[in-house]
Amino acid sequence: MSDLRERYQAAFMPNYGVPPLALVRGEGCRVWDADGRAYLDLIAGIAVSSLGHGHPALVEAVSAQVATLAHTSNLFVNEPAVLLAERLLDLLGGDGRVFLSNSGTEANECALKLAIKHGRANGRSVFVATENGFHGRSMGALALTGKASIREPFGPHALDVRFVPYGDVAALKAAVDEDCAALFLEPAQGEGGVVPPPDGYLAAAREICDATGALLVSDEIQSAIGRTGAWFAFEHDLAGARPDILTLAKGLGGGLPIGACVAFGPHGGIFAKGDHGSTFGGNPVAAAAALAVLTTIERDGLLGNAAATGEVLAAGIAAVEHPLLAGVRGRGLWRAAVLTGPHAPAAEAAARAAGFLVNAVQPDALRLAPPLTLTAGQARSFTDALPAILDATEVAA
């Protein structure tokens, strides 16, 4: 494995550093490194591998499609993309239009361009987003990203963005006014540390946008496609109301790169021909993968499994008494083990040494976003090992 990591370091730009493992194989919720060691994958490629690794439905769908028609560009219609757009609209209650992209950042760029065009037509030029929010690293999405450490080195940005504390309704009311084109929100902050909204926060955001005429954009890049035990996280907190624009990616493709921007009602018709595009977006192979993911989640009851196994995981973490552990937050199979201090990097390393892949998403938070196929037994294997992992973290500290 050290040889492969050395080759990586020599060949790639240094923006990721050198990852600690070289993974070569996966099956279900387990992966193996180049030295043959197995790990329980509680990251799933950052909430991407929703069916786990090597799932037969995904393998079959991708293999069949790539052997039939792998690429068409946006100059021609391909049926898998049409079927996927129709399926997404069906899950979301119809009355919308879809743009398919290759990633979450691109889905958010689409949403931003819709919001800019809407704003210019209505004399609005201000955007509102939240502190510690994350919407991507391309220049438009980065301007909306509330983490100053990754945004400011690439400023100044072209957008006028007001950042407000996440969960603060009063701050939203003050910031979202008649000058605001759109409010960009995550239903729960992912890169911020799996931070759920206070009860009623998203419903309040909907009411504020309705009152002022601003668009409500829900960034569900990480939270959708069953991650929280529902198809979409907004379903937990908006009491049946929808955002005006919804963005998706990550778990939608089950491991293949795909994103989607869905605009509802009249907002689905904001773009004119030529306003936006993507050479690879909606390619038949990625669309076939996404259709297999959606079908398998529904057929195998994986929404219910995410909810039930997520409770097992959360209860197991909550039951651990350790001076480094402050608690657990999140919903479904999207959780954070919250630590009492900046111990997450050391805890990630200790978990890896114990055979578990987790993510130090914040200095004091370990993110858990495993495949939706995770079993209760696999969840308990981690929580049973957690005290020893934290002990090893304490020793390292």
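The rules behind each value
- Residues numbered from 1 in each chain as written.
- Predicted model: local features only at pLDDT ≥ 70, side-chain atom pairs only at ≥ 80, totals over all residues.
- Heavy atoms only, no water.
- Helix = DSSP H or I, 4+ residues; strand = E, 2+ residues; numbered from the N terminus.
- Buried < 20%, exposed > 50% of the residue type's maximum accessible area, 1.4 Å probe, protein only.
- Contact = heavy atoms within 4.5 Å.
- Lys, Arg positive; Asp, Glu negative; His and termini not counted.
- Charge placed at Lys NZ, Arg CZ, Asp CG, Glu CD.
- Salt bridge = Lys/Arg side-chain N within 4 Å of Asp/Glu carboxyl O.
- 1 Å grid on protein atoms, 1.4 Å probe; cavity = no way out; pocket = protein on both sides within 12 Å on 5 of 7 lines; lining within 4 Å.
- Points joined across faces, edges and corners; volume = space filled by probe spheres on them.
- Nonpolar A, V, L, I, M, F, W, Y, C, P; charged D, E, K, R; others polar.
- Expected span 1.5 Å × (residues − 1).

1. Focus on the overall build of the protein
In step 1: For the protein, the count of helices and strands is 14 helices and 15 strands.
In step 2: In terms of overall dimensions, the protein has a C-alpha envelope of 60 × 55 × 45 Å along the principal axes.
In step 3: The buried share of the protein, reckoned over its 397 residues, is 53%.
In step 4: Residue pairs in contact within the protein that sit at least 24 positions apart in sequence constitute 70% of those at least 6 positions apart.
In step 5: Averaging the coordinates of the 28 positive side-chain charges in the protein and doing the same for the 40 negative ones gives two points 3 Å apart.

2. A short note on the pattern of salt bridges
In step 1: In the structure shown here, the tally under the stated rule is 15 salt bridges.
In step 2: One salt bridge connects Arg-25 with Glu-27, and the closest N-O pair in it is separated by 3.9 Å.
In step 3: Residue Arg-335 pairs with Glu-311 through a salt bridge whose shortest N-O separation is 3.1 Å. Here the residue Arg-335 occupies a position in strand E12 (residues 334–339), and Glu-311 occupies one in helix H12 (residues 302–318), the gap between them amounting to 24 residues.
In step 4: With relative accessibility at 5%, the residue Arg-335 sits in the buried group.
In step 5: Shared partners join several salt bridges into a network, and the residues in it are Arg-87, Asp-90 and Glu-298.

3. A closer look at the layout of surface pockets
In step 1: There is about 840 Å³ of room inside the second largest pocket.
In step 2: Elements represented by at least two residues in the lining of the second largest pocket include exactly helix H4 (79–91), strand E4 (96–101), helix H5 (104–121) and strand E10 (259–264).
In step 3: The leading source of residues in the lining of the second largest pocket is E4, at 4 residues.
In step 4: Split into classes, the residues belonging to the lining of the second largest pocket amount to 16 nonpolar, 16 polar and 3 charged.

4. Examining H12
In step 1: The end-to-end C-alpha distance of H12 is 23 Å, a good match for the 24 Å that 17 residues give at a rise of 1.5 Å each.
In step 2: Packed against the buried residues of H12 are helix H11 (284–299), strand E11 (325–331), E12, strand E15 (365–368) and helix H14 (376–396).

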